[in-house]
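As a plain string of letters, each chain reads:
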Amino acid sequence: MKRALITGATGQDGAYLARLLLAKGYDVTGAIRRNSQPEMVRLEKLGIARELRTVDFDLSEPNNITRLIRGNAFDEVYNLAAQSFVGSSWEQPVYVADVNGVGVVRLLDAIRTYTPQTRFYQASTSEMFGLVRVLPQDEQTPFHPRSPYGVAKVYGHHITVNYRESFGLHASSGILFNHESPLRGTEFVTRKITVGLARFARGDHAAVELGNLNAKRDWGFAGDYVEGMWRMLQQESADDYVLATGVTTSIREFAGFAAEALGLDLEWSGADETEQAVDRRSGKVAVRVNPAFYRPAEVDLLVGNAAKARARLGWEPKVDVRALAAMMARADYDECGQ
Ligand code: NAP
Ligand code: G4F
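Residues numbered from 1 in each chain as written. Chains lettered and ligands numbered in written order. Predicted model: local features only at pLDDT ≥ 70, side-chain atom pairs only at ≥ 80, totals over all residues. Heavy atoms only, no water.

Student: Is there a simple way to think about the domain arrangement of the protein chain in this case?
Tutor: In many reports, interface size means the accessible area that the parts give up when they come together. For the protein chain, the domain assignment lists domain 1 (3-181 + 220-246 + 303-318) and domain 2 (189-215 + 250-301 + 325-337). Each of domain 1 and domain 2 has a C-alpha centre, and these two points are 30 Å apart. Interface area for domain 1 against domain 2, summed over the two sides, is near 1100 Å², with a carbon-plus-sulfur share of 62%. Per-residue buried area on domain 1 facing domain 2 is highest for W90, R146 and E180; these three make up 39% of the total on that side. The interface formed by domain 1 and domain 2 holds 1 salt bridge in total. In this structure, K45 engages E335 in a salt bridge whose closest nitrogen and oxygen atoms are separated by 3.2 Å. At the junction of domain 1 and domain 2, the tally comes to 3 residue pairs in polar contact (both at pLDDT 80 or more). Across the side of domain 1 that touches domain 2, the residue classes tally to 7 nonpolar, 4 polar and 4 charged. (Domains from an automatic or database assignment. Buried area = accessible area lost by both parts, 1.4 Å probe. Salt bridge = Lys/Arg side-chain N within 4 Å of Asp/Glu carboxyl O. Polar contact = N/O pair within 3.5 Å; in protein donor to acceptor, adjacent residues only side chain to side chain. Nonpolar A, V, L, I, M, F, W, Y, C, P; charged D, E, K, R; others polar.)

Student: Please clarify how the nonpolar core should be interpreted in this entry.
Tutor: Across soluble globular proteins, you tend to see nonpolar side chains buried next to one another. L17, L21, Y78, Y121 and L197 are the most contacted members of the largest nonpolar core, which has 76 residues in total. Shared between two domains, this core holds at least three residues of each, these being domain 1 (3-181 + 220-246 + 303-318) and domain 2 (189-215 + 250-301 + 325-337). Residues in contact with L21, not counting those within four places in the same chain, are A4, I6, Y26, V28, Y78 and W230. Counting 22 residues, the second-largest nonpolar core is a separate cluster that includes I69, V99, L108 and A110. (Core = buried A, V, L, I, M, F, W, Y, C linked by side-chain atoms within 4.5 Å. Buried < 20%, exposed > 50% of the residue type's maximum accessible area, 1.4 Å probe, protein only. Contact = heavy atoms within 4.5 Å.)

Student: What's the story with the side chain of H179 in this structure? I'm lost.
Tutor: Along the polypeptide, H179 turns up in strand β7 (residues 179-180). Here H179 falls in the buried class, since its relative accessible area comes to 10%. Excluding residues that lie within four positions of it along the chain, H179 makes contacts with Q12, D13, R184, G220, F221, A222 and Y225. (Helix = DSSP H or I, 4+ residues; strand = E, 2+ residues; numbered from the N terminus.)

Student: Please clarify how helix α4 (residues 93-114) should be interpreted in this entry.
Tutor: The periodicity of an α-helix, 3.6 residues per turn, causes residues three or four places apart in sequence to face the same way. Its 22 residues place the ends of α4 31 Å apart at the C-alpha level, agreeing with the 32 Å of an ideal helix rising 1.5 Å per residue. Burial in α4 covers these residues: V96, V99, N100, G101, G103, V104, V105, R106, L107, L108, A110 and I111. In this structure, the buried residues of α4 make contact with β1 (3-7), α3 (62-70), β4 (76-79), β5 (119-125), α5 (148-167) and β6 (170-176). (Expected span 1.5 Å × (residues − 1).)

Student: How should I be thinking about the site of ligand 1 in this particular structure?
Tutor: Looking at ligand 1, there are 28 residues lining it, with T10, D13, N35, S84 and Y149 nearest. Within the contact set of ligand 1, an oxygen atom lies 2.8 Å away from a side-chain nitrogen or oxygen of K153. The separation between an oxygen atom of ligand 1 and a polar main-chain atom of H179 is 2.9 Å. Taken by itself ligand 1 offers 900 Å² of open surface, and the protein chains cover 91% of this. A total of 3 residues in the shell around ligand 1 trace back to one element, the largest contributor, which is β5. Grouping the constituent residues of the shell around ligand 1 by class yields 11 nonpolar, 11 polar and 6 charged. (Near = heavy atom within 4 Å. Areas by Shrake-Rupley, 256 points an atom, 1.4 Å probe, with all protein chains shown as cover.)

Below is the structure:
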């Protein structure tokens, strides 16, 4: 039986990856940040909260990391833990650098020292491309991060490559484009939209307030992306891979897809700060712009080229953006009714 450690096991990806590895017969340890109350909701929703062992863990605490790695011979370590919300990274830039950047080398160095045979996955991100000049983005595209989150993740990516090249570790970096699900945090734009519009469709006619509607993202389904993470660690040699759908969609269009799945009919009017969408059926404003959600620097457009992952890992995304929006909107509609 293979032994895997997942940091960030309480997060969206951690929950789906834990389910995948358990189904494959792994012995799974979930490294969980000590909060006033353990955040087990996602693992409970997937019905696996009792199936993995858990350990207290924080990426900013080196002693904790060293003890965990030294005392266990994990076959695979998936480093998914991070402060993952870009929007708040301007408010906590030093903490984000420590957790998302330096935290990666704490883990890698413990592996190098105590269990160099362990295979390592780093959760890198399309946010590293930032101000893009190349369409679509692939493993060779230069980085130009636009947020403290992205800057810290660039360090995490490069130190993963460096430990692979310096010490021969089987360390891979997955450069994943946005991936969502009904387990997505409600602060991220897709879930904010699906929760807000589901409530609206249930008769709570408060408009969903959003920032930049023109930004475009390459959105896939998180369940597909954790399969790609696992495949990276099954390769003979470690490498870096982009996972993406190759399709980019604006925030406005995503809201339209979610609305459509909920039986709402949005009519957009205005521009920039005065833009809004009225639901033709109720005549009420369902979406409006609130500049408070604009970011100090924006990533305007992301679209990925996952040809390498397709060719070498046999990985394909299975859920398109319209189906994804519908899946999330319907799940939120059902949850609102409970
Ligand atoms: P998420 O839902 O926000 O989960 C993040 C996890 O990290 C949570 O379990 C959180 O624990 C944990 N964490 C935060 N700070 C920590 C710390 N100091 N020490 C230990 N654990 C800590 O994020 P996700 O969407 O699953 O993303 C997983 C990873 O992939 C992240 O590294 C993210 O940056 C990266 N990524 C995500 C996407 C995407 O579109 N989802 C795309 C590219 C890369 P709590 O429950 O205690 O908060
Ligand atoms: O949903 P978001 O907050 O995701 P963002 O910033 O793309 O980051 C996510 O994907 C990254 C991969 O590229 C991950 F690395 C990262 O951890 C995270 O999972 O925002 C998406 C876009 C942005 O352009 C933002 O300005 O939506 C725009 N937006 C417009 N209104 C909004 C809102 N974003 C949020 N969160 N809330 C709004 O009201």
